[in-house]
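Each chain, letter by letter, is given below.
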Amino acid sequence: MKHAALFQSLRQRKTASLSHINHSLLLHLLTPGLIMSKGTVVLAYSGGLDTSCILVWLKEQGYDVIAFLANIGQEEDFDAAHKKAVDLGAKKIFIEDLRSEFVEDFIWPAVQANAVYEDRYLLGTAVARPCIGRRQVEIARKEGAQFVSHGATGKGNDQIRFELTCYALYPEVKIIAPWRIPEFYNRFQGRKDLMEYAQKRGIPVPVTPKAPWSMDANLMHISYESGILENPKSHGPADLYLMTKNPEDAPNTPDVLEIEFGNGVPVKVTNIKESQSKDSPLEIFLYLNEIGGKHGVGRIDIVENRSIGMKSRGIYETPGGTILLKAHLDIETFTMDKEVRRIKQGLSIKFSEFIYNGFWYSPECDFVRHCIAKSQENVQGKVQLSVFKGQVYILGRESPKSLYNEELVSMDVQGDYDPCDASGFIRINAVRLREHHRLQGLSDNK
């Protein structure tokens, strides 16, 4: 009897304890604002209307949000963005200065490659995304976040670039892309819907009218698209450009620069007239942006092929990148073997496509990047150039690794060359051409 009574007493206590726990859990679930967390998400945050609304929306869905803002050279009030993220309820805020690594780890390989997508676009936005995504993943791993999120649209290239980077560097990560979630994009079908949501949730809204186009800015360039620019026939407004002067309004005196290269990347830039030099990667690029912007260099207006299959119109300003492309092409041709350069040109096209399509961290891109770096070992020397009213003019070059033999190429000196050798070279190459036209030419005439 004593054992039975003891057992009954213990059972009653356990039941009462479980009842208390279940009641507490029920109260927690029913109490507004006390939703159980679905996990932690690192949001690529800009401080703008879209990502501010996304931050609050993610919290409403039950996530703890870490806001991550990358400084890659854009004009931004980072203190204000930090305060805004705090006010909106971000669990933590990371504002990371990535400018130096953006230049050294991403822009410099693009310079070595002469990376240009579809013959015109210098990839300013595309090359920034793997830089941002890499740090976003590092923060997610450090903070134990299971999710990452971004504000890229469902029609653009950036969703692909961000997400392929995240999956490559953090294979287990889960990605929340609000602009691909029907619940989100059906609710927010335009800027008006976002503004209404922001006002209801106490999210600060822009006080100045939004430009009738979208803009993405970083150290390398500014891009403009959508809005009134979606009509490919419409001219870009004169007040659109923020990074470069109208070439017509540029100074009437050129800036003459000397750019020194080592292993295919600039190691020093000197303004010849002003005797001013820069020798750190970030300072070099900022100075070239300044000079190029002053003279209206690097403006293009193009229609390009997006990764997902549609064409889009974009206007770009890339002043420093354009100067470097011209200078690097010149010193590379001066110092690189003809056949090596022919192969490297093909690799550069592939590399540009990998960057544009979001495959920076793919094995094939890594392979091509290493091949291009190998090709740059002897690309060293100095290029002198003039920057003037929207143009870059090459003036001269010198290199200890030059393959240029002045005596050999001179029309005034025989040098170590026998002109008779050209006869055999021409006859050998003519065999194929003569046979082609002798045999297929005859058959075409029958």
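Residues numbered from 1 in each chain as written. Predicted model: local features only at pLDDT ≥ 70, side-chain atom pairs only at ≥ 80, totals over all residues. Heavy atoms only, no water.

### A look at empty space enclosed by the protein
Phase 1: For the structure shown, the criterion picks out 2 cavities of 30 Å³ or more.
Phase 2: In this model, the largest cavity occupies a volume close to 90 Å³.
Phase 3: Contributing to the lining of the largest cavity are Ile107, Ala110, Val111, Asn114, Ala115, Val116, Leu122, Met220, Phe285, Gly321, Leu324 and Leu325.
Phase 4: Elements supplying a minimum of two residues to the lining of the largest cavity: α4 (99–113) and α10 (319–335).
Phase 5: Within the lining of the largest cavity, the residues separate by chemical class into 10 nonpolar, 2 polar and no charged.
Phase 6: Each pocket or cavity is described by its volume, and for the second largest cavity that value is around 40 Å³.
Phase 7: Surrounding the second largest cavity, Ala126, Arg129, Pro130, Arg161, Thr165, Phe354, Ile355, Gly358 and Trp360 form its lining.
Phase 8: Listing elements by their share of the lining of the second largest cavity, those giving two or more residues are α5 (129–143), α6 (158–169) and α11 (338–356). (1 Å grid on protein atoms, 1.4 Å probe; cavity = no way out; pocket = protein on both sides within 12 Å on 5 of 7 lines; lining within 4 Å. Points joined across faces, edges and corners; volume = space filled by probe spheres on them. Helix = DSSP H or I, 4+ residues; strand = E, 2+ residues; numbered from the N terminus. Nonpolar A, V, L, I, M, F, W, Y, C, P; charged D, E, K, R; others polar.)

### Brief notes about unusual backbone geometry
Phase 1: Backbone geometry places aspartate 119, a non-glycine residue, at a positive phi of 75 degrees.
Phase 2: By the secondary structure assignment, aspartate 119 is in the loop between α4 and α5.
Phase 3: A positive phi angle, close to 55 degrees, is found at asparagine 263, a residue other than glycine.
Phase 4: With respect to the element layout, asparagine 263 can be found in the loop between β8 (255–262) and β9 (265–271).
Phase 5: Note on asparagine 263: relative accessible area 45%, which makes it partly exposed. (Buried < 20%, exposed > 50% of the residue type's maximum accessible area, 1.4 Å probe, protein only.)

### A closer look at the layout of surface pockets
Phase 1: Considering only enclosed or pocket space, the second largest pocket measures out at about 390 Å³ in volume.
Phase 2: As for the second largest pocket, its lining consists of 18 residues, of which Asn114, Val116, Asp119, Ser348 and Ile349 are closest to the centre.
Phase 3: Broken down by element, the residue count for the lining of the second largest pocket peaks at 7 residues, all from α11.
Phase 4: Split into classes, the residues belonging to the lining of the second largest pocket amount to 7 nonpolar, 4 polar and 7 charged.

### So, the nonpolar core
Phase 1: In terms of nonpolar packing, the biggest core is built from 72 residues, with Phe102, Trp108, Ile259, Phe351 and Leu385 touching the most fellow members.
Phase 2: Residues Leu58, Phe147, Ile176 and Phe188 belong to the second largest nonpolar core, which totals 25 residues. (Core = buried A, V, L, I, M, F, W, Y, C linked by side-chain atoms within 4.5 Å.)

### Brief notes about α4
Phase 1: Helix length check: α4 (15 residues) gives 20 Å between terminal C-alpha atoms against 21 Å at 1.5 Å per residue, within 8%.
Phase 2: The largest bend in α4 is about 35 degrees, located at isoleucine 107, with the proline proline 109 one to four residues further on.
Phase 3: Within α4, 11 of the 15 residues are buried, which leaves the element mostly enclosed by the surrounding structure.
Phase 4: Listed as buried for α4 are Glu101, Phe102, Val103, Phe106, Ile107, Trp108, Pro109, Ala110, Val111, Gln112 and Ala113.
Phase 5: In the core, the buried residues of α4 are packed alongside α5, β9, α9 (281–294), α10, α11 and α12 (363–375). (Expected span 1.5 Å × (residues − 1). Bend = angle between axes of the 7 residues up to and from the residue. Contact = heavy atoms within 4.5 Å.)

### Overview of the sheet that holds strand β5 (residues 174–176)
Neighbouring strands of a sheet are bound in pairs by backbone hydrogen bonds; such pairs are parallel or else antiparallel.
Phase 1: Ordered by their spatial adjacency, 5 strands build an open sheet running β3-β2-β1-β4-β5, and the pairing between neighbours is parallel. Edge positions in the open sheet fall to β3 (92–97) and β5, since each of these has one partner strand only. The sheet shows a mean angle of 25 degrees between the axes of neighbouring strands, taken without regard to direction. (Pairing = 2+ DSSP bridges. Axes fitted to C-alpha atoms, helices over the stretch in contact; angles between N-to-C directions.)

### Describing the pattern of salt bridges
Pairing between side chains of opposite charge can happen when their charged atoms approach one another.
Phase 1: Here the structure, examined in full by the defined rule, presents 25 salt bridges.
Phase 2: The salt bridge involving lysine 344 is made with glutamate 332; its shortest N-O contact spans 2.7 Å. In this pair, lysine 344 sits in helix α11 while glutamate 332 sits in helix α10, placing the two residues 12 residues apart along the sequence. Glutamate 332 shares its class with lysine 344; the two are buried.
Phase 3: Linking glutamate 377 and lysine 374 is a salt bridge whose minimum nitrogen-to-oxygen distance equals 3.2 Å.
Phase 4: Overall, glutamate 377 belongs to the partly exposed group, its relative accessible area being 41%.
Phase 5: The network of salt bridges with shared partners includes Glu96, Glu101, Asp105, Arg134, Arg135 and Glu138. (Salt bridge = Lys/Arg side-chain N within 4 Å of Asp/Glu carboxyl O.)

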